[in-house]
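Listed below are the residues making up each chain.
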Amino acid sequence: MDPNDSQIFIFEPMSRRTFSLFADFIQSELGIKMPESKRTMIQTRLRKRMRSLGIISYDDYYDYVFSPAGKETELIHMIDAVTTNKTDFFREPAHFDYLTDKVLPELARNRGEAARLRLWSAGCSSGEEAYTIAMVMNEYREKGSKLTYSIYATDISVNSLKKGIMGIYDEDRIAPISMDLRKKYLLKSKNREKRVVRVTPLLRSAVKFQRLNFMEDEYRFNQKFDIVFFRNVLIYFDRPTQESTLLKICRCMRQGAYLFSGHSETLSGMKLPLEPVASTVYRRSNTFTNT
Ligand SMILES: C[S@@+](CC[C@H](N)C(=O)[O-])C[C@H]1O[C@@H](n2cnc3c(N)ncnc32)[C@H](O)[C@@H]1O
């Protein structure tokens, strides 16, 4: 048990002014919309950090986060606390069927049967999406394809990236994974009381985790991607930020590369070098069109 759990903390409510200081930072540095209606949510999320530091006032916490020492140590925890990292294995499963049935055969035809494909899980959270892609790619190879692949997984949340690198998940997270795939790609803990699984070294070695903030001016990768999963991130951004982020992502994609977006996200009306090919699936084109 956390020693602080036994202490009673009475937090002072967050003032409108302090909320707007946090909100300005979150919106300008992370791109995440922070209307006044999110004040309660932000208070709740920051409380755990404040408790662990023994701070009861949001003003004091703000001053600490942006002090020279806080910028070194606390800022990354604050960012972890304010990002929403909800994810799942095989989330929006139709995308993985489309990948196998349409995208991979097409890329094998255009890029060569034995091409090395580069995939990007952009806003990967704790790695479930990237490992799902790795399972699907590996299954495709086992069915006779010579395509090889590498997967980049990026996020701003350091805590999420650490979880992804470890590749250890609670057993109750693996329900969307079929029994066959579980047997092949997940290892049970030797200590059965732990009720966790770890993805196999084969999958772990296929995924490279890296910190990347979508608000950077450009995304520096040494080669372009063939397939990008950019799902359930846009919803947190306002429209101009969505469009500028997508444009930077497009610059990292080869001509003819595919982009998957989340089912509740719409790119319609944005001027981007993308053409829609199926519901929430796009292909990089060389001309700007209204998607
Ligand atoms: C809801 S999760 C989506 C995870 C996964 N793509 C999926 O669909 O299941 C959104 C992720 O976007 C990340 N994110 C939010 N703002 C970001 C930014 N400015 N730069 C990079 N990642 C960001 C969050 O940390 C979070 O892990």
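Residues numbered from 1 in each chain as written. Predicted model: local features only at pLDDT ≥ 70, side-chain atom pairs only at ≥ 80, totals over all residues. Heavy atoms only, no water.

## Details of the overall build of the chain
Counting its regular elements, the chain contains 11 helices and 10 strands. A compact globule built from 291 residues should have a C-alpha radius of gyration of about 19 Å, and the chain, at 21 Å, falls within 12% of that. Each principal axis of the C-alpha distribution contributes one length, and for the chain these read about 60 × 50 × 30 Å. By residue count, 51% of the 291 residues in the chain fall in the buried class. Counted over contacts in the chain with a minimum sequence separation of 6, partners at least 24 positions apart contribute 69%. Accessible surface for the chain amounts to roughly 14700 Å². Of this, 51% is attributable to carbon and sulfur atoms. Across the chain, 46 positive and 36 negative side-chain charges occur, with their mean positions spaced 5 Å apart. (Helix = DSSP H or I, 4+ residues; strand = E, 2+ residues; numbered from the N terminus. Rg over C-alpha atoms; globule rule 2.2 N^0.38 Å. Buried < 20%, exposed > 50% of the residue type's maximum accessible area, 1.4 Å probe, protein only. Contact = heavy atoms within 4.5 Å. Areas by Shrake-Rupley, 256 points an atom, 1.4 Å probe, with all protein chains shown as cover. Lys, Arg positive; Asp, Glu negative; His and termini not counted. Charge placed at Lys NZ, Arg CZ, Asp CG, Glu CD.)

## Observations regarding the packing of aromatic side chains
For any two aromatic rings, the description comes down to two numbers: the centre-to-centre distance and the angle of the planes. Scanning the model with the defined rule gives 21 aromatic pairs in all. Seen from their ring centres, F22 and Y61 are 6.2 Å apart, and the 25 degrees between their planes marks the pair as stacked. Separated by 39 residues along the polypeptide, F22 in helix 1 (residues 16-30) and Y61 in helix 3 (residues 58-65) bring together distant segments of the chain. Note on accessibility: F22 and Y61 belong to one class, buried. Taken together, a centroid distance of 4.7 Å and an interplanar angle of 45 degrees make the contact between Y62 and F66 tilted. For Y62, a relative accessible area of 18% translates into the label buried. Three or more aromatic residues joined by ring pairs form one cluster here, namely W120, Y152, F214, Y219, F221, F225, F230 and F237. Note that R118 overlies the ring of F225, its terminal NZ or CZ placed 4.8 Å from the centroid. (Phe/Tyr/Trp six-rings, centres within 6.5 Å; stacked < 30°, edge-to-face > 60°. Lys NZ or Arg CZ within 6 Å of the ring centre and 35° of its normal.)

## Structural notes on the site of the ligand
In the vicinity of the ligand lie 22 residues, with L30, T87, R91, D155 and N232 positioned nearest. Residue R91 places a side-chain N or O atom 2.7 Å away from an oxygen atom belonging to the ligand. In this structure, R231 approaches the ligand through a main-chain N or O atom, which is 3.0 Å from a nitrogen atom. By residue class, the composition of the shell around the ligand is 8 nonpolar, 9 polar and 5 charged. (Near = heavy atom within 4 Å. Polar contact = N/O pair within 3.5 Å; in protein donor to acceptor, adjacent residues only side chain to side chain. Nonpolar A, V, L, I, M, F, W, Y, C, P; charged D, E, K, R; others polar.)

## Digging into the nonpolar core
Membership of the largest hydrophobic core comes to 50 residues, with the highest contact counts inside it found for L46, W120, F214, F230 and L259. Broken down by element, the residue count for this core peaks at 6 residues, all from helix 1. Discounting residues that sit within four places of it in the chain, F214 has contacts with W120, A122, G123, Y219, F230, V233, F237, T245, K248 and I249. One finds A134, L186, V207 and F209 within the second-largest nonpolar core, a separate group that totals 43 residues. (Core = buried A, V, L, I, M, F, W, Y, C linked by side-chain atoms within 4.5 Å.)

## Re the sheet that holds strand 5 (residues 196-199)
Read from one edge of the open sheet, 3 strands run 3-5-4, paired in antiparallel fashion. Both edges of this open sheet fall to strand 3 (168-170) and strand 4 (186-188), since each of them pairs with a single strand only. Strand-to-strand, the axes of this sheet are offset by a mean angle of 35 degrees, without reference to chain direction. Two elements, strand 3 and strand 5, share 3 bridges in a ladder whose sense is antiparallel. Bridge assignment links Y169 to a residue of strand 5, and that residue is V197. (Pairing = 2+ DSSP bridges. Axes fitted to C-alpha atoms, helices over the stretch in contact; angles between N-to-C directions.)

## Quick notes on helix 5 (residues 75-82)
Each full turn of the α-helix corresponds to 3.6 residues, which orients residues three or four apart in the same direction. In terms of residue burial, helix 5 counts as a mostly covered element, since 6 of its 8 residues are buried. Residues of helix 5 that are buried: L75, M78, I79, D80, A81 and V82.

## Focus: the pattern of salt bridges
Counted under the stated rule, the structure contains 15 salt bridges. Residue R231 is joined to E129 by a salt bridge in which the shortest nitrogen-to-oxygen separation is 2.7 Å. With a gap of 102 residues between them, R231 in the loop between strand 7 (225-230) and helix 11 (239-251) and E129 in helix 7 (residues 128-142) connect regions that are remote in the sequence. R231 sits in the buried class, given a relative accessible area of 3%. (Salt bridge = Lys/Arg side-chain N within 4 Å of Asp/Glu carboxyl O.)

## Description of the environment of M50
Along the chain, the position of M50 falls in helix 2 (residues 39-53). Classification of M50 as buried rests on a relative accessible area of 0%. As for M50 and Y61, which are separated by 11 residues in sequence, their C-alpha atoms are 6.8 Å apart.

## Digging into helix 2
Across its 15 residues, helix 2 extends 21 Å between first and last C-alpha, which sits within 8% of the 21 Å expected from 1.5 Å per residue. Most pronounced at R47, the bend in helix 2 amounts to some 35 degrees. Where helix 2 is concerned, the buried positions are R39, I42, Q43, L46, R49 and M50. On its buried face, helix 2 sits against helix 1, helix 3 and helix 5. (Expected span 1.5 Å × (residues − 1). Bend = angle between axes of the 7 residues up to and from the residue.)

Functional significance is not addressed by these values, which are geometric in nature.
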